[in-house]
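The residues making up each chain are set out below.
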Amino acid sequence: MDLFLRIAGIITPVFLIVLAGWWYGRARHPDMATFNRICLEVLTPALVFSALAAKDFDIRGQWPLMLAAVGMVAGSGLLSWPFARVMGVKPRALLPPMMFINSGNMGLPLALLALGPTGMAPAVAFFIVTNTLHFSLGVKILSREASVRVLLLSPLMIATALGLVFAFLCIPVSPWVMTGLKMLGDATIPMLLFSLGVRLTHMSMRGWRIGMASAVLRPVVGIALAFPLMWLLPLDSVQRTLLFLYAALPPAVINYLFAEQYNAEPDKVASMVMIGNAMAVVFVPIGLWLGLRAG
């Protein structure tokens, strides 16, 4: 019962904020373009840089989880590939939603609520690995002609690169500057969750069978991969908890935006993202329960 209450206390605030965004989106139909641009170009880079450049962030101590993130992305793609024909969807449309999870606007707040401040450093480490792979490998899966260079020069990728340099070289950042960056970063999580809720109101329900199938396939494949990764890599208790939590996460919302941009069956991808995020209410508690037990 105590574990159930702990999981409920972690999950409930996340879904309440998403629900608030969904309700507001249905009621007001806001234009989220500027809102999302601020999140992607200002707030999230501030969050990532301030987490990586913090005095207590040990990038070397996160290498097992970062390696697990690579294994999770690659393994999810390989295990999901055979299902493309069965589900009636092109591999270039199916694989990115299976490989690239909602580690930002759902994973980061869940990590914070589940593990407190100690969960943020490994959560950010996992996020930067999956995000970098998404902006490079993921885009190339969608289109061989895609310009990865433009994506890698985005504010988020630049902030990640700078943060890693500061972390590796132990370069100190002025407390005044760090306080301002941290304040910006702290605004990221509720804004991303709210934005996710609004985004879900715009996604098509067409292809719901594919959406339902992928909503189950994504966390099942992720959790199946988490067990061997946990056994093979020297993960500490916090990292093991996060590995299982992230294994159960749904596809990232940006998968839909990329699919639309590169014309990779966007209606089907929208269904995968929407139903997958809705089904997170079932699978995220399972992943969190497994993670808390493994930790």
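Scoring rules and cut-offs
Residues numbered from 1 in each chain as written. Predicted model: local features only at pLDDT ≥ 70, side-chain atom pairs only at ≥ 80, totals over all residues. Heavy atoms only, no water. Helix = DSSP H or I, 4+ residues; strand = E, 2+ residues; numbered from the N terminus. Rg over C-alpha atoms; globule rule 2.2 N^0.38 Å. Buried < 20%, exposed > 50% of the residue type's maximum accessible area, 1.4 Å probe, protein only. Contact = heavy atoms within 4.5 Å. Areas by Shrake-Rupley, 256 points an atom, 1.4 Å probe, with all protein chains shown as cover. Lys, Arg positive; Asp, Glu negative; His and termini not counted. Charge placed at Lys NZ, Arg CZ, Asp CG, Glu CD. UniProt positions renumbered as here; feature names shortened; annotations may be inferred. Core = buried A, V, L, I, M, F, W, Y, C linked by side-chain atoms within 4.5 Å. 1 Å grid on protein atoms, 1.4 Å probe; cavity = no way out; pocket = protein on both sides within 12 Å on 5 of 7 lines; lining within 4 Å. Points joined across faces, edges and corners; volume = space filled by probe spheres on them. Nonpolar A, V, L, I, M, F, W, Y, C, P; charged D, E, K, R; others polar. Phe/Tyr/Trp six-rings, centres within 6.5 Å; stacked < 30°, edge-to-face > 60°. Salt bridge = Lys/Arg side-chain N within 4 Å of Asp/Glu carboxyl O.

Considerations on the overall build of the protein chain
- A tally of helices and strands in the protein chain yields 16 helices and zero strands.
- In terms of overall size, the protein chain behaves like a compact globule, its C-alpha atoms giving a radius of gyration of 18 Å where 295 residues would be expected to give roughly 19 Å.
- Out of the 295 residues in the protein chain, the part that is buried amounts to 55%.
- For the protein chain, the share of sequence-separated contacts (at least 6 apart) that also reach a separation of at least 24 residues comes to 85%.
- For the protein chain, the exposed surface amounts to about 13600 Å²; the carbon and sulfur share of it is 69%.
- Within the protein chain, one finds 20 positive and 11 negative side-chain charges whose respective centroids are separated by 6 Å.

Digging into the UniProt feature "transmembrane region" (unreviewed entry) in the protein chain
- The UniProt record annotates "transmembrane region" (unreviewed entry) at residues 7-23, 65-86, 106-129, 150-174, 180-198, 210-232, 238-258 and 270-292.
- Secondary structure over residues 238-258 splits into 71% helix and 0% strand, and the C-alpha atoms at its two ends are 32 Å apart.
- For residues 270-292, the end-to-end C-alpha separation is 31 Å, with 96% helix and 0% strand making up the annotated structure.

Looking at the environment of Trp-22
- Among the secondary structure elements, Trp-22 is positioned in helix H1 (residues 2-28).
- A sequence separation of 176 residues divides Trp-22 from Val-198, and the C-alpha atoms of the two residues are 4.6 Å apart.
- Setting aside residues no more than four positions away along its own chain, Trp-22 makes contact with Gly-197, Val-198, Leu-200 and Thr-201.

Overview of the nonpolar core
- Core analysis: the biggest nonpolar cluster contains 83 residues, and Leu-108, Val-124, Ile-128, Leu-242, Leu-243, Tyr-246 and Phe-258 have the highest contact counts within it.
- It is helix H7 (residues 120-142) that provides the largest number of residues to this core, a total of 12 residues.
- Contact partners of Leu-243, with chain neighbours within four places excluded, come to Leu-65, Ala-68, Met-72, Phe-126, Ala-226, Leu-229, Met-230 and Leu-235.
- Judged by nonpolar contacts, the second largest core, of five residues, contains Phe-49, Ala-159, Val-173 and Met-178.

Here we look at empty space enclosed by the protein
- What the rule picks out here adds up to one cavity of 30 Å³ or more.
- Looking at the largest cavity, its volume works out to about 40 Å³.
- Ala-215, Arg-218, Pro-219, Ala-248, Leu-249, Pro-250, Pro-251, Gly-276, Met-279, Ala-280 and Phe-283 are the residues that line the largest cavity.
- Mapped by element, the contributors of at least two residues to the lining of the largest cavity are helix H12 (208-232) and helix H16 (280-294).
- In terms of residue count, the dominant contributor to the lining of the largest cavity is H12 (three residues).
- Taken together, the residues of the lining of the largest cavity break down into nine nonpolar, one polar and one charged.

A look at helix H14 (residues 254-261)
- Of all the positions in H14, only Ile-254, Asn-255, Tyr-256, Phe-258 and Ala-259 are classed as buried.
- Where the residues of H14 are buried, they touch helix H5 (91-99), H7, helix H8 (148-152), helix H11 (188-200) and helix H15 (266-278).
- Downstream of H14 by one or two residues, Asn-263 has phi in the positive range, about 55°.

Considerations on the packing of aromatic side chains
- Applying the stated criterion across every chain, the model contains seven aromatic pairs.
- Between the aromatic rings of Phe-49 and Phe-166, the centroid separation amounts to 5.2 Å while the plane-to-plane angle is 75°, which identifies the pairing as edge-to-face. Pair noted here: Phe-49 is in helix H2 (residues 33-52) and Phe-166 is in helix H9 (residues 155-169), with a separation of 117 residues, a long-range link.
- Taking the relative accessible area as the measure of exposure, Phe-49 reaches 12% and is therefore buried.
- A residue is classified by how much of its surface remains accessible, and Phe-166, at 23% relative accessible area, is partly exposed.
- Taking the centre distance of 5.8 Å and the plane angle of 75° together, the rings of Phe-135 and Phe-258 count as edge-to-face.

A look at the pattern of salt bridges
- Within the structure shown, the criterion is met by two salt bridges.
- One salt bridge connects Lys-182 with Asp-186, and the closest N-O pair in it is separated by 3.4 Å. Taken together, the residues Lys-182 and Asp-186, both in helix H10 (residues 175-186) and four residues apart, mark about one turn of the helix.
- The exposure class of Lys-182 is partly exposed, given its relative accessible area of 47%.
- Residues Glu-265 and Lys-268 are paired through a salt bridge, measuring 2.9 Å at the closest nitrogen-oxygen approach.

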